[in-house]
Amino acid sequence: MYVDKELSGEGFSYELESGKAGTVHVEQVLEYNQDPGFLRDLLLYKLTLEAQRRIAASPLAKREIVRRLGTSATQLYRLLDQTNYKKSVDQLVSLLQVLDCEVDLVVRAKRA
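Keep in mind that this is a model prediction, so the values were computed, not measured. (Residues numbered from 1 in each chain as written. Predicted model: local features only at pLDDT ≥ 70, side-chain atom pairs only at ≥ 80, totals over all residues. Heavy atoms only, no water.)

Residue-level account of the overall build of the chain, with values.
Of regular secondary structure, the chain possesses five helices and three strands. Taken against the 2.2 N^0.38 rule, which gives 13 Å for 112 residues, the C-alpha radius of gyration of the chain at 19 Å runs more than 25% over that of a compact globule. By principal-axis analysis of the C-alpha atoms, the chain measures approximately 60 × 35 × 25 Å. Within the span of the chain, comprising 112 residues, buried residues form 23% of the whole. If you take every contact in the chain between residues at least 6 apart in sequence, the share linking residues at least 24 apart comes to 43%. With an accessible surface of roughly 8,700 Å², the chain has 51% of that area assigned to carbon and sulfur atoms. (Helix = DSSP H or I, 4+ residues; strand = E, 2+ residues; numbered from the N terminus. Rg over C-alpha atoms; globule rule 2.2 N^0.38 Å. Buried < 20%, exposed > 50% of the residue type's maximum accessible area, 1.4 Å probe, protein only. Contact = heavy atoms within 4.5 Å. Areas by Shrake-Rupley, 256 points an atom, 1.4 Å probe, with all protein chains shown as cover.)

Any details on the pattern of salt bridges? Residues and values, ideally.
Within this structure, the stated rule accounts for five salt bridges. Here Glu 50 makes a salt bridge to Arg 54, at a shortest N to O gap of 2.6 Å. Of the two residues, Glu 50 and Arg 54 are both situated in helix 2 (residues 36-57); the distance of four residues between them amounts to about one turn of the helix. Note that Arg 67 is salt-bridged to Glu 64, the shortest N-O span being 2.6 Å. One end of the pair is Arg 67 and the other is Glu 64, both in helix 3 (residues 62-69) and three residues apart, which spans about a single turn. Given the relative accessible area of 56%, Arg 67 is considered exposed. Via salt bridges that share partners, Glu 50, Arg 53 and Arg 54 belong to a single interconnected network. (Salt bridge = Lys/Arg side-chain N within 4 Å of Asp/Glu carboxyl O.)

Tell me about the nonpolar core, residues and numbers included.
Counting 15 residues, the largest nonpolar core has Ile 55, Ile 65, Leu 76, Leu 80, Leu 95 and Leu 99 as its most contacted members. When residues of this core are traced back to their parent elements, those giving at least two are helix 2, helix 3, helix 4 (73-79) and helix 5 (89-98). In this view, Leu 80 contacts Thr 48, Ala 51, Gln 52, Ile 55 and Leu 95; residues no more than four positions away in its chain are not counted. (Core = buried A, V, L, I, M, F, W, Y, C linked by side-chain atoms within 4.5 Å.)

I'd like to hear about the pairing of strand 2 (residues 11-15), residue by residue, with values.
Alignment of strand 1 (residues 2-3) against strand 2, held across two bridges, turns out to be antiparallel. When the bridges of strand 2 are listed, Tyr 2 appears paired with Ser 13. Sheet topology places strand 2 next to strand 3 (residues 21-25); five bridges connect them, and they run antiparallel. In the strand pairing of strand 3, Gly 11 is matched with His 25. The turn linking strand 2 back onto strand 3 is made up of five residues, and Gly 19 within it adopts a positive phi angle of 100 degrees. (Pairing = 2+ DSSP bridges.)

Let's hear about the environment of Leu 44: which residues, and what values?
The topology assignment puts Leu 44 in helix 2. Ignoring anything within four residues of it in the chain, the contact list for Leu 44 reads Tyr 85, Lys 87, Ser 88, Val 89 and Leu 92.

Tell me about the sheet that holds strand 3, residues and numbers included.
Taken in spatial order, the three strands make up an open sheet running 1-2-3, and their pairing is antiparallel. Looking along the sheet, the strands with just one partner apiece sit at the ends: strand 1 and strand 3.

Right under this line is the structure:
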């Protein structure tokens, strides 16, 4: 096992005695171990992509969306930036509501 430079140090590669090899990215480790910070960021990412799709399909102009949100155009673009993890789930839910979406959160027990 070694840190893989081709992954910019963000993962590791391994080779088994059988000769099989593989690579694991740090995000896979965080997801597998249910890291709370990673899961929050993943939720923000998924909500942001959905908001981007909904805006692209919406008949509303971005100026109207900004007006309905009661915010600025700059803030809307921050909400639509999938690399921005400083936004809140609340802001994205508000945006999706303006876009006539119903956001339903499902909480269930983990599977064994």
